[in-house]
Amino acid sequence: MPCKKSLARHPLNQGDRKPLIAILRVLPQRLAIMILTLFLVSVVIFSITQILPGDAAYTSLGQYASEEAVKKLRIELGLDTPVWNQYINWLAAFVRGDFRESLILGIPIRPILLQRLGNSSVLGLLAFLEITCLGIFLGVLCGIKKDSLLDQTVSIFGFIWLSIPEFVSGSLFILFFAGTFWKIFPAGGYVAISEGFWPWISRLILPATTLTLILLAYVARMTRSSMIEVLRSNYVRTARLKGLDEKRVILRHALRNALMPTATLLANNFGWLMGGIVVVESVFSFPGLGRLTISAIHQRDIPMIQATVLVVAALYISANVAVDLLYMILDPRNRPD
Amino acid sequence: MIHKANTMNLLYTALKKIGLFSFKSYQLLLLNKKFLVGLVLVLSVIAIAIISPLIVPYNPIEFNISKRFQPPSTTHWFGTDNYGRDILSRVLMGAPITLLLGISSVAITLAISVPFGLFTGFWGGRIDEVLMRVNDTFIAIPSLFMALLLISMRSTLELYLKIPTTWWFDPYPVIVIGVTMIPRATRVIRSATIGLKNEEYVHACKARGETASYIVFREILPNIWSTIIVEGGIRIAYAIIMGSTLAFLGLGASPPAPAWGLMIYEAKAYLYLSPWSLIFPSLALSLMIVSFNCFGDGLRDILDPRSRRSILVE
């Protein structure tokens, strides 16, 4: 690279923006925004669940509770103290990592929350892996063979799939793959991997595939369109004219640039995936965070609702920050000067 | 310009009068295959929803224990469920309920997010910054969780809003879904407003000394109609998904309402015994969502071709 030295001085050259330095430079700011957002989210969660008129004690006990029971629970939850006091105590407990006790189960929230979170993460990661690999594979294939039969089939089926809610496809999966038609997989539940690989993975495949379907179509579609765009670009033409074989052109030159919009799409829909996990866990009776949230809502377990939603929001926010930083590593144009 | 006074022409002139379309000919509208398919599907769904209460063969909520779990036959086309209710009647009655849920929650969303987005975008500065930070806070909670959080406070809402609930329609999930979608819709409206803020006609208006609400509603609003229509069109499908999901989770419509999400939840318990009670509501729900997705996607391709926003609106 003989011209590297002169380029380094050029104002347009971005080569000297080292990823690590760039990240270190923006990290404090991003972290500050993240903490501020988390703080505001905690205010929102707290105000919806605890301050709104007809407070938590009332919501927990329901419409027909006796005055005494409500009063007793109010004191137990500290609802008789001023709002600010309540909020500070509530937040301080979370910051300390003390998630209080569940009203219904009567046990500390943290251990059960962490255990369920672990299960959900396994499910989420598997689904994410499926979405990314399959989605990019299909997208690239359709992008290369634009307007072929395969491309049209994928796009029509993709469009239909993404209109089917998770609980519908999940229930149909149970009907077809865990019941009368083929009994390949168990219909639900979860066991740890220590119980054996097949019992573990067989209970994950159906829920993960259900989660995959909706996003898969988007990922494939996005990868396809950016692949088509990139394949039309000048540098791909240059690479082809240089005499590189097609496989190398696609894998080394085109794919890397085509993946940026896909990465954005995946990042933007992380929240969708989380919502999907709630539904899928309910369909497959999977003991994860989502089902914990749903049962907490059914049982009006306010501390549990607060804890689960706060944890989910924290995960969502940190995932967004992580993706932001990842962009900077992947694409120098996103690095600050 | 318009030679023949047929319905499409009339529709086009009417739409053009209120400033909906910026392109030259209504033919463009018909060229988009996806929009056309979507339009036909949506119109048929609406037609079915309107006539279905008149053509239901049986009472959709009447129990008939002697006829439980009957497979599809000539008397009960879609079979019967665990209480012996006719599934065809329930699926048909589900159509207006689901449609009403989708449209009214989107109406709530737009009624609040349009003025909100317009004004914050127009004012800019500190107020905008603060309001948008608050708005982003709500976006930082995944929408299903936001909806769950709000619906978990249902008893409080009931205590203060006191909206009557009928057996077939429950307004609280609609309110919750409408509110959940506000922050994301506001962002879209706001950025459309900011895009127009520095146009000359807006400056001219300011120089004339018009009030903010005049400029916002008379000058900016007519120019972002297409954005609003696209936003609403795309969100109907999303609202339907969310509403039926809440019903499936046991937090939306309550029995004996023939809401499709609830029917699927009830059918899941008897999955192997009567698969038809699962399959038919699933088909109906998916068909309705496909129609609105197709319609919204096509609408976006025509009215807002630059945006690459996917119809997934999380």
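The structure presented is a predicted model; accordingly, all values stated were derived computationally and were not measured.

Okay, the overall build of chain A next. The number of helices and strands found in chain A is 14 helices and zero strands. Mapped in sequence order, the helices and strands of chain A form the string α-α-α-α-α-α-α-α-α-α-α-α-α-α. The proportion of buried residues among the 337 residues of chain A is 36%. Contacts in chain A between residues at least 24 apart in sequence constitute 69% of all its contacts with a sequence separation of at least 6.

Next up on the list: the overall build of chain B. Summing up its helical and strand segments, chain B has 13 helices and zero strands in all. Reading chain B from its N terminus to its C terminus gives the helix and strand order α-α-α-α-α-α-α-α-α-α-α-α-α. The burial tally for chain B puts 44% of its 314 residues in the buried class. Put simply, of all contacts in chain B between residues at least 6 apart along the chain, 72% involve residues at least 24 apart.

This paragraph deals with the environment of Leu88 of chain B. Residue and element names in this part refer to chain B. As for its placement among the helices and strands, Leu88 is situated in helix H4 (residues 87-123). You can call Leu88 buried: it has 20 C-beta atoms within 10 Å. Along the sequence, Leu88 and Pro255 sit 167 residues apart, while their C-alpha atoms lie 17 Å from each other. Residue contacts for Leu88: discarding those within four places in its chain leaves Pro57, His76, Trp77 and Phe78.

Let us now look at the interface of chain B and chain A. The interface of chain B with chain A comprises 40 residues on the first partner and 46 residues on the second. Among the elements of the structure, helix H5 (125-139), helix H6 (143-151), helix H7 (154-161), helix H11 (225-248), helix H12 (260-268) and helix H13 (276-303) of chain B are those that each provide at least two residues to the side of chain B that touches chain A. Each residue belonging to the side of chain B that touches chain A can be placed in one class, and the counts come to 25 nonpolar, twelve polar and three charged.

Once that is clear, we can look at the nonpolar core. The tendency in soluble globular proteins is for nonpolar side chains to be buried as a group. Ranked by internal contacts, the top residues of the largest apolar core, which has 151 residues, are Val219 and Val309 of chain A together with Ala147, Ala239, Ile240 and Ile264 of chain B. Residue contacts for Ala239 of chain B: discarding those within four places in its chain leaves Leu101, Gly102, Ser105, Val106, Ile177 and Met181 of chain B.

On to the packing of H11 of chain B against H12 of chain B, then. Residues and elements named next belong to chain B. With their axes 7 Å apart at the nearest point, H11 and H12 run at an angle of 35 degrees to one another. When you trace H11 past H12, the crossing you get is right-handed. Where H11 approaches H12, its residues Gly243, Ser244, Thr245, Ala247 and Phe248 are matched on the opposing element by Trp260, Gly261, Leu262, Ile264 and Tyr265.

When pLDDT is averaged along chain A, the result is 81; 88% of the residues meet or exceed 70. When the criterion is pLDDT under 50, residues 1-16 of chain A qualifies, and its contacts beyond four places in sequence or with other chains add up to seven contacts.

Quick look at H4 of chain B now. Residue and element names in this part refer to chain B. Taking 1.5 Å of rise per residue, 37 residues should cover 54 Å, and H4 covers 53 Å from first to last C-alpha, within 8% of that figure. Of all bends in H4, the biggest is about 25 degrees, found at Ser113, and the proline Pro115 comes one to four residues later. Within H4, 27 of the 37 residues are buried, leaving the element largely enclosed by the surrounding structure. Of the residues one or two after H4, Gly124 is the one with positive phi, at around 65 degrees.

For any two helices packed against each other, the geometry is given by the interaxial angle and the distance between the axes. Residues and elements named next belong to chain B. One way to put it is that H5 packs onto helix H8 (residues 171-197) with a least axis distance of 8 Å and a crossing angle of 130 degrees. The orientation of H5 relative to H8 falls into the category oblique. Crossing handedness for the pair H5 and H8: left-handed. Each of Asn135, Phe138 and Ile139 in H5 lies in contact with H8, whose residues at this interface are Pro183, Arg184, Thr186 and Arg187. In the contact of H5 with H8, the residues fall into three nonpolar, two polar and two charged.

All names here are of chain B. You can see Ile177 is positioned in helix H8. A residue is classified by how many C-beta atoms lie within 10 Å of it, and Ile177, with 31 of them, is buried. Ile177 sits 29 residues away from Leu148 along the chain, and the two C-alpha atoms are 9.6 Å apart. When near neighbours in sequence (up to four residues on either side) are disregarded, Ile177 contacts Ser105, Ala147, Ala239, Met242 and Gly243.

With that settled, the discussion passes to the confidence of the model for chain B. Residue and element names in this part refer to chain B. Chain-level pLDDT for chain B is 83 on average; 87% of the residues reach the 70-or-more range. Within chain B, the lowest mean pLDDT, 60, falls on helix H2 (residues 27-31), and the highest, 93, falls on H4. Within the model, pLDDT remains below 50 along residues 1-5, and this stretch shows four contacts once partners closer than five positions in the same chain are excluded. Scoring the predicted complex yields pTM 0.85 and, for the interface, ipTM 0.83.

For the rest of this paragraph, the subject is the environment of Arg154 of chain B. All names here are of chain B. Turning to its location among the elements, Arg154 is positioned in helix H7. Accessibility expressed as a C-beta count within 10 Å gives 18 for Arg154, which makes it partly exposed. C-alpha separation for the pair Arg154 and Leu251, spaced 97 residues apart in sequence, amounts to 9.4 Å.

For the peptide bond that leads from Pro255 of chain B to Pro256 of chain B, omega is 5 degrees, which places it in the cis range. Along the chain, Pro256 of chain B turns up in the loop between H11 and H12. Non-glycine residue Asp147 of chain A carries a positive phi angle of around 65 degrees. Counting through the fold element by element, Asp147 of chain A comes out in the loop between helix H6 (109-144) and helix H7 (149-161). For Ser285 of chain A, which is not a glycine, the phi torsion comes out positive at approximately 45 degrees. Within the secondary structure, Ser285 of chain A sits in the loop between helix H12 (270-283) and helix H13 (289-298).

Here is what the cut-offs are and how they apply
- Residues numbered from 1 in each chain as written.
- Chains lettered and ligands numbered in written order.
- Predicted model: local features only at pLDDT ≥ 70, side-chain atom pairs only at ≥ 80, totals over all residues.
- Helix = DSSP H or I, 4+ residues; strand = E, 2+ residues; numbered from the N terminus.
- Buried ≥ 20, exposed ≤ 12 C-beta atoms within 10 Å, placed from the backbone.
- Contact = placed C-beta atoms within 7 Å.
- Nonpolar A, V, L, I, M, F, W, Y, C, P; charged D, E, K, R; others polar.
- Core = buried A, V, L, I, M, F, W, Y, C linked by C-beta atoms within 7 Å.
- Axes fitted to C-alpha atoms, helices over the stretch in contact; angles between N-to-C directions.
- Left-handed = near helix turned anticlockwise from the far one by under 90°.
- pLDDT = per-residue confidence, 0-100.
- Expected span 1.5 Å × (residues − 1).
- Bend = angle between axes of the 7 residues up to and from the residue.
- Parallel < 35°, antiparallel > 145°, perpendicular 65-115°, else oblique.

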